[in-house]
Amino acid sequence: MVKAIFFDIDGTLLSMKTHRVPDSTRRALEELRRKGIKLFLATGRSPAWLGSIEGMLDFKFDGYVMLNGQYCIFEGQVLRDVAIPLESLEPLIPYIEENEISCEFVEEGHMYINIINDRVLAFREKIGGTGYDTHVEDLSRIYSHKTYQLLAYIDEKDEDEFLAHMPNCKAMRWCPEFADIVIADGGKDKGIEALLNHLGISKNDCMAFGDGGNDISMLEYVGIGVAMGNANPPVKERADFVTKDIDDDGIEYALRHFGLM
């Protein structure tokens, strides 16, 4: 029996083509709520985006696994709050400055970037109004504010070298343009675990939907992991079920497949 479902946002609930939530997905969310199933967001976005996220989705969720599992909220209570330690951030600063690598530094309520280059501008144009629009700020903020994750604008082939300058961290790639960087023991699965422990719900009674590399850990953790039809190939390989594309009513299709609609 499915008691809780976790949804990624970009490419899962929110179309990358239309930049909106498909009507079929809206109907599905409402029907799941009527059935008493708890519904959660599991996203790389920060709590600073909560208002705009719920505005874009036009739906209020029961709880939030945010910052790729590093910051989790249920009924206003913070259940998990795990930042990147300074000893992992300090060695990185001279490396990204010397090599002119763009990185967005994500705090609980704020984001900033060290350099805005063509790669960053191209991504912002691609994602449209649903994306980030951060500004350049002094990296000395790492000493006065908690940093939960980085968005490193690097190619996959450069991840190992990048991480060599950021000890005890790992990369999870949602899109070709950048990688999400969090602590080595982080991830959406850790956030979901904290939330389910609080609610007393077994992971076997949960389902999750995702499309990117940062979703793999949660798809493998829950009882039923569903990859969107538009998901990256490695995500599909690790999922229990591959549904249709987001723009082809993929969420509704999977829910009907599992008898939830």
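Values in this document were obtained by computation on a predicted structure and should not be read as measured data.

## Observations concerning the packing of aromatic side chains
The tally for this structure, following the rule as stated, stands at 12 aromatic pairs. With 6.3 Å between their ring centres and 70° between their planes, Phe123 and Tyr153 make a pair best called edge-to-face. One end of the pair, Phe123, is in helix α5 (residues 118-127); the other, Tyr153, is in the loop between β8 (149-152) and α6 (159-164), and 30 residues separate them in sequence. Assigned by exposure class, Phe123 and Tyr153 land together as buried. Plain terms: the ring middles of Tyr153 and Phe178 are 5.3 Å apart, the flat faces sit at 55° to each other, and that makes the pair tilted. Highlighted residues: Tyr153 in the loop between β8 and α6 and Phe178 in the loop between β9 (169-172) and β10 (179-183), separated in sequence by 25 residues. For the pair formed by Tyr153 and Phe178, the shared burial category is buried.

## Things to note about the pattern of salt bridges
One pass over the structure, following the stated rule, counts 18 salt bridges. A salt bridge links Lys188 to Asp215, with the shortest nitrogen-to-oxygen separation between them at 2.5 Å. On the criterion of sequence distance, the pair formed by Lys188 in helix α7 (residues 188-199) and Asp215 in the loop between β11 (206-210) and α8 (216-221) is long-range, its members being 27 residues apart. Considered together, Lys188 and Asp215 belong to a single accessibility category, that of buried residues. A salt bridge links Glu220 to Arg238, with the shortest nitrogen-to-oxygen separation between them at 2.6 Å.

## Re the environment of Ala28
Summarising the element assignment, Ala28 is placed in helix α1 (residues 23-34). Spatially, the C-alpha atoms of Ala28 and Ile142 are 41 Å apart, while their sequence positions differ by 114 residues. Excluding its chain neighbours within four sequence positions, the residues that come into contact with Ala28 are Leu255 and Met261.

## What about the pairing of β8?
Residues of β8 alternate between two faces, with Gln149 and Leu151 on one and Leu150 and Ala152 on the opposite face, all of them buried. Bridging between β8 and β10 involves three bridges; their strand directions are antiparallel. Bridging across to β10, Leu150 finds its partner in Ile181.

## Quick look at the nonpolar core
Ile5, Phe7, Leu39, Phe61, Met207, Phe209 and Leu255 are the most contacted members of the largest nonpolar core, which totals 47 residues. Not counting residues within four places of it along the chain, the set of residues in contact with Phe7 comprises Leu13, Leu29, Leu32, Leu39, Phe40, Leu41, Ala42, Phe61, Phe209 and Ile251.

## Re a nonpolar patch on the surface
A contiguous nonpolar patch, built from Ile116, Leu121 and Val136 and spanning about 240 Å² of accessible area, is present on the exposed surface. Here Val136 shows up in the loop between α5 and β8.

Rules used in this analysis
- Residues numbered from 1 in each chain as written.
- Predicted model: local features only at pLDDT ≥ 70, side-chain atom pairs only at ≥ 80, totals over all residues.
- Heavy atoms only, no water.
- Phe/Tyr/Trp six-rings, centres within 6.5 Å; stacked < 30°, edge-to-face > 60°.
- Helix = DSSP H or I, 4+ residues; strand = E, 2+ residues; numbered from the N terminus.
- Buried < 20%, exposed > 50% of the residue type's maximum accessible area, 1.4 Å probe, protein only.
- Salt bridge = Lys/Arg side-chain N within 4 Å of Asp/Glu carboxyl O.
- Contact = heavy atoms within 4.5 Å.
- Pairing = 2+ DSSP bridges.
- Core = buried A, V, L, I, M, F, W, Y, C linked by side-chain atoms within 4.5 Å.
- Patch = residues over 30% accessible without salt bridge, like charges linked within 9 Å, V, L, I, M, F, W, Y side chains within 5 Å.
- Areas by Shrake-Rupley, 256 points an atom, 1.4 Å probe, with all protein chains shown as cover.

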